[in-house]
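# Breakdown of the fold
Letter by letter, the chains look like this.
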Amino acid sequence: MTTIEKARLLDQQDTLGKYADEFYKKEGQIYLDGNSLGLLSKRAEQSVLTLLDSWRQYGIDGWTSGEHPWFYLSEKLGEYCAPLVGAKSKEVVLTGSTTTNLHQLLATFFKPTEKRNKILADELNFPSDLYAVASQIALHNLPESHMKLVKSEDGQTISTEAIIEAMTDDVAVAVLPAVLYRSGQVLDLQAITKAAHERGIIIGFDLCHSIGSIPHQLHEIGADFAFWCNYKHLNGGPGSVAGLFVHEKHFGTAPGLAGWFGSAKEKQFDLETTISAAPDAGAYQIGTPHILSLAPIEGALSIFAEAGIDAVREKSLALTEYMMECIMHEIPNTFTFGNPLDETRGGHLFLVHDEAARICKALKENGVVPDFRAPNGIRLAPVALYNSFEEVWHAVQILKDIVFNKTYENHENKRDIIA
Ligand SMILES: *Cc1c(COP(=O)(O)O)cnc(C)c1O
């Protein structure tokens, strides 16, 4: 059933519906781009204001005073974030950006030897990750061919078998996404990690599109490291500080890129000429934390702590299921789904259409915010914490109108600078 009544019924049964009011949603707009930039919540806004207040009140003493002393904030928020990635508190720290954290982790864990000297990644991964991998390889004076890419058979997804097959004896480290940024496919992290370890490969995951959308068990599955941004499903704000996980079995491994904020806290201000690194994931921080960009994450995380990631995942699956049903029923034979149809899909749908760029422009003009992925993809993310089933229903009606009446032809089929 794809009627509006069905949508309203699903909204009535929804236990997370109450959180929508905590977010700044624009009147008359249906925001389906939370997989690129999550919306501001009142709690995140408040935690920024609280932080500013501590600066106003304490000046330099804010490092050790106030509700959230800045000196410990990265570790404290790491601890707060740990349940979302299934980690122990000490295994997570919020620091850097996704890309700089990947650099740090590769600088730490990619130690090429005569026999093992390649990094395995996949050809569908986000370019920044591949650029980082390529440059780390170059830093070791190894040729480009030492980045080995798992191929996709259909251009949208990557099979577990293909990944495992690519885990040859010359691979030292593998870096893969938990959820692919285009198709939204969820990889089987447990099986992949197990296979990597059986072959002596260190493995790390990019959680950019999975954190805050699907639950993780990084500690339990024994993943070696992970990294992510907090501004997509986590709603931490544009350019907010990122996160990293290092499994406790690696505690004590010297950071590849050292800096004084990787020091053991009690030693940092001894200001010695050699570092005494923190005994946990804190060791992989580099310089002074970006306190103002950490601030909103506290408020953003408090919503997840209350709502629970399992409930978020359950609603997210129901939202995308309902959206697919509506699209298949209301707009048949128009789009191809690039996302997996089963429960190996993440938090967004990926619709493929030749006119995708201008359909996205028309959607935006009509109050629906999607995002476009060149050359022909439309990503739609109904977000559990702030989107309703009724919004999904409306968004599909608007999409239907645009493709049936071809109003997208009023736009150029070309991406904007940011898409
Ligand atoms: C969003 C995203 C990034 C962004 O990296 P930044 O360093 O935050 O700019 C990197 N990798 C993936 C897979 C992403 O989805």
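Note that the structure is predicted; figures quoted are calculated from it, not measured. (Residues numbered from 1 in each chain as written. Predicted model: local features only at pLDDT ≥ 70, side-chain atom pairs only at ≥ 80, totals over all residues. Heavy atoms only, no water.)

In the numbering used here, UniProt assigns the "modified residue: N6-(pyridoxal phosphate)lysine" (unreviewed entry) feature to K232. Given the relative accessible area of 9%, K232 is considered buried. The residues touching K232, leaving out its near neighbours within four places in the chain, are G34, N35, S36, L37, G38, C208 and H209. (UniProt positions renumbered as here; feature names shortened; annotations may be inferred. Buried < 20%, exposed > 50% of the residue type's maximum accessible area, 1.4 Å probe, protein only. Contact = heavy atoms within 4.5 Å.)

What follows is about the pattern of salt bridges. The full count for this structure, using the stated rule, is 21 salt bridges. Between D53 and R56 there is a salt bridge; the shortest N-O distance is 3.0 Å. Taken together, the positions of D53 and R56, both in helix 2 (residues 42–58) and 3 residues apart, correspond to about one turn of that helix. Salt bridges sharing partners connect three or more residues here, namely E22, R43 and E306. (Salt bridge = Lys/Arg side-chain N within 4 Å of Asp/Glu carboxyl O. Helix = DSSP H or I, 4+ residues; strand = E, 2+ residues; numbered from the N terminus.)

The next point concerns the nonpolar core. One finds V92, L94, M167, L207, W228 and L385 to be the most contacted residues of the largest nonpolar core, which totals 62 residues. For this core, the leading source of residues is helix 10 (residues 291–307), giving 8 residues. Residues from two domains meet in this core; each of domain 1 (4–31 + 308–410) and domain 2 (46–306) gives at least three. With sequence-adjacent residues up to four places away left out, W228 is seen in contact with C81, V85, V92, L94, T98, L207, C208, I211, A242, G243, L244 and F245. Core analysis: the second largest hydrophobic core is formed by 35 residues, I331, L349, I378 and F389 among them. (Core = buried A, V, L, I, M, F, W, Y, C linked by side-chain atoms within 4.5 Å. Domains from an automatic or database assignment.)

Here we take up empty space enclosed by the protein. By the definition in use, this model includes 2 cavities of 30 Å³ or more. Here the largest cavity defines a volume of roughly 70 Å³. G212, S213, H233, F304, V312, S316, G347, P382, V383, A384 and L385 together form the lining of the largest cavity. Here the lining of the largest cavity is composed, by residue class, of 6 nonpolar, 5 polar and no charged. Looking at the lining of the largest cavity, you find at least three residues from each of domain 1 (4–31 + 308–410) and domain 2 (46–306). What the second largest cavity holds in volume is close to 40 Å³. When contributions to the lining of the second largest cavity are tallied by element, the ones reaching two or more residues are helix 11 (309–330) and helix 13 (389–404). At 3 residues, the largest contribution of residues to the lining of the second largest cavity is made by helix 13. Across the lining of the second largest cavity, the residue classes break down as 9 nonpolar, no polar and no charged. (1 Å grid on protein atoms, 1.4 Å probe; cavity = no way out; pocket = protein on both sides within 12 Å on 5 of 7 lines; lining within 4 Å. Points joined across faces, edges and corners; volume = space filled by probe spheres on them. Nonpolar A, V, L, I, M, F, W, Y, C, P; charged D, E, K, R; others polar.)

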